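Chain residues, written in single-letter form:
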Amino acid sequence: MKVSNHQIELDLARVIGAVSVLLFHYTFRGYAASNYSVVDFPVLGEVFKYGYLAIYIFFMISGYTIVNSLRNKDALGFVYSRFMRLYPQYWIAVCLTVIVTVILGGDRFTVELKQFAVNLTMFNGFFGIHSIDGAYWFMHVMLKFYLLALLIILINGAKYYQVFAGLWLALSAVTYFFDIPKIGYFLIPEIAPFFVAGVIFYSAKEKGWDKFKVIMISFALAYSIHIVLSDTIKFTQKYNTDISNAMVALFVLMIYGFMLFISLRRKPAALPKQFILLGACTYPLYLIHQNIGYMLFNFLHGHINKYLSLVIIMLVVSALSFLIYSYLGPFVVKFLRKTIFRSRK
């Protein structure tokens, strides 16, 4: 049974995850870290400070959806599809962030020409060049993930994807617990169990559960909880706040529980089709929401109620995300296909 790459439950998870991350940045991180935002939400911040955990949803979904790409693409096709899916919207987001930074950035947010140029490659993290928006760290991780996937395609190992997933999980655990940074840099051990869990949940959806998958998921779950709980120490020190370990562990369990539900469910969920569009819009939303949102908060501060500004800014970045996904991104894709990639459809 071939599993659809666009199960609507996954789109719902993307939307919930994106909103959680957005509210984490707007109600907590912006004010708590480096004074990015002058607007404080002491009550909402205490609730949505846990929203950073939602980023792990996207890593697990990425692991879940990568399997079809491994099997259905050659190396060139895989690179082409990833490029066309990621870069057009990313370029638009970078340019939009730079424009807003020049206009509203002030002393808090600045950008240099070299930084802008290197950021357009998406490889700036590999060269030690600061991202124009802090949220782009996610893309640095995803590039490593896609490079690992490309390696599997190049060695014609797609049919052994479960074996490679298990090997990745084991090597990542070794590099993480024995602190081997040079190898760990490429294996992303602090994220790997979520990617691997997604792959295994896909396999379970497609072929059913067996002892190997149960062992893999159990180890990935324990590994994931350990990583996230370890990160809470850094989190509390960085933001000078308290974090409930029980809440953190529960959140990870909920992510795994949701994906387990997906793997066991045989019938499509009866959810509105609009979630497919909303799920697709979460990519540009993630790219543009952070620094642009902070700058808008600072610009509106003192002029309107902060809760009204929160609603307005969320609507603005959501509308921009829809515009990027539905119109600007496709325009750039069409241009690239006509001018550069004429031979490939």
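This one's a predicted model, so the numbers in the text were calculated from it and none came from an experiment.

Caption draft 1: Spotlight on the overall build of the chain. Counting its secondary structure elements, the chain contains 13 helices and 0 strands. Listing the helices and strands of the chain from first to last along the sequence gives α-α-α-α-α-α-α-α-α-α-α-α-α. In terms of overall size, the chain behaves like a compact globule, its C-alpha atoms giving a radius of gyration of 20 Å where 345 residues would be expected to give roughly 20 Å. Evaluated residue by residue, the chain yields a buried proportion of 51% over its 345 residues. A fraction of 80% describes how many contacts in the chain between residues 6 or more apart in sequence connect residues 24 or more apart. In the form shown here, the chain has an accessible surface area of approximately 17,000 Å², with 68% of it arising from carbon and sulfur atoms. Each charge sign in the chain was given a centre, from 30 positive and 14 negative side chains, and these centres are 13 Å apart.

Caption draft 2: Here's a closer look at the packing of aromatic side chains. All told, the structure shown has 44 aromatic pairs when counted by the stated rule. Ring centres of F145 and F195 lie 4.1 Å apart, and the angle between their planes is 5 degrees; this geometry places the pair in the stacked category. With a gap of 50 residues between them, F145 in helix α6 (residues 137–154) and F195 in helix α9 (residues 192–207) connect regions that are remote in the sequence. With a centroid separation of 5.8 Å and an interplanar angle of 80 degrees, the aromatic rings of F201 and W209 are classed as edge-to-face. Directly above the aromatic system of Y185 lies the positively charged group of K144, at a separation of 3.6 Å from the ring centroid. Its guanidinium or amino end placed over the ring of F41, K306 lies 5.4 Å from that ring's centre, counting from NZ or CZ.

Caption draft 3: Representation of the packing of helix α10 (residues 211–239) against helix α11 (residues 245–264) within the structure. The interhelical angle for the contact between α10 and α11, taken along N-to-C directions, is 145 degrees, at an axis separation of 10 Å. Classified by chirality, the crossing of α11 by α10 is right-handed. Mapping the contact onto sequence places I217, A220, L221, S224, I225, V228, L229 and T232 in α10 and N245, V248, A249, V252, L253 and Y256 in α11. The class makeup of the residues in the contact of α10 with α11 is 11 nonpolar, 3 polar and no charged.

Caption draft 4: Structural view of unusual backbone geometry. With a phi angle near 55 degrees, N156 is a residue other than glycine that sits in the positive phi range. The topology assignment puts N156 in the loop between α6 and α7 (161–177). The backbone phi angle of D179 is positive, close to 50 degrees, even though this residue is not glycine. Structurally, the position occupied by D179 is in the loop between α7 and α8 (181–187).

Caption draft 5: Molecular detail of the side chain of K49. By the secondary structure assignment, K49 is in the loop between α2 (42–48) and α3 (55–72). A polar atom in the side chain of K49 sits 2.5 Å from the backbone oxygen of D242.

Caption draft 6: Main features of the side chain of Q89. Checked against the element boundaries, Q89 lands in helix α4 (residues 75–104). Classification of Q89 as buried rests on a relative accessible area of 10%. In contact with Q89, other than residues within four places in its own chain, are Y283, P284, L287, I324, Y325 and G329.

Caption draft 7: How the structure looks around the packing of α7 against α10. Contact geometry of α7 with α10 gives a least axis separation of 11 Å together with a crossing angle of 30 degrees. Looking at the two axes, α7 sits roughly parallel to α10. Between α7 and α10 lies a crossing of left-handed hand. Contacts between α7 and α10 pair Q162, A165, G166, L169, S172, A173, Y176 and F177 from the former with F212, K213, M216, F219, A220, Y223, H226, I227 and S230 from the latter. The class makeup of the residues in the contact of α7 with α10 is 11 nonpolar, 5 polar and 1 charged.

Rules used in this analysis
- Residues numbered from 1 in each chain as written.
- Predicted model: local features only at pLDDT ≥ 70, side-chain atom pairs only at ≥ 80, totals over all residues.
- Heavy atoms only, no water.
- Helix = DSSP H or I, 4+ residues; strand = E, 2+ residues; numbered from the N terminus.
- Rg over C-alpha atoms; globule rule 2.2 N^0.38 Å.
- Buried < 20%, exposed > 50% of the residue type's maximum accessible area, 1.4 Å probe, protein only.
- Contact = heavy atoms within 4.5 Å.
- Areas by Shrake-Rupley, 256 points an atom, 1.4 Å probe, with all protein chains shown as cover.
- Lys, Arg positive; Asp, Glu negative; His and termini not counted.
- Charge placed at Lys NZ, Arg CZ, Asp CG, Glu CD.
- Phe/Tyr/Trp six-rings, centres within 6.5 Å; stacked < 30°, edge-to-face > 60°.
- Lys NZ or Arg CZ within 6 Å of the ring centre and 35° of its normal.
- Axes fitted to C-alpha atoms, helices over the stretch in contact; angles between N-to-C directions.
- Left-handed = near helix turned anticlockwise from the far one by under 90°.
- Nonpolar A, V, L, I, M, F, W, Y, C, P; charged D, E, K, R; others polar.
- Polar contact = N/O pair within 3.5 Å; in protein donor to acceptor, adjacent residues only side chain to side chain.
- Parallel < 35°, antiparallel > 145°, perpendicular 65-115°, else oblique.

On their own, these measurements won't tell you what the molecule is for.
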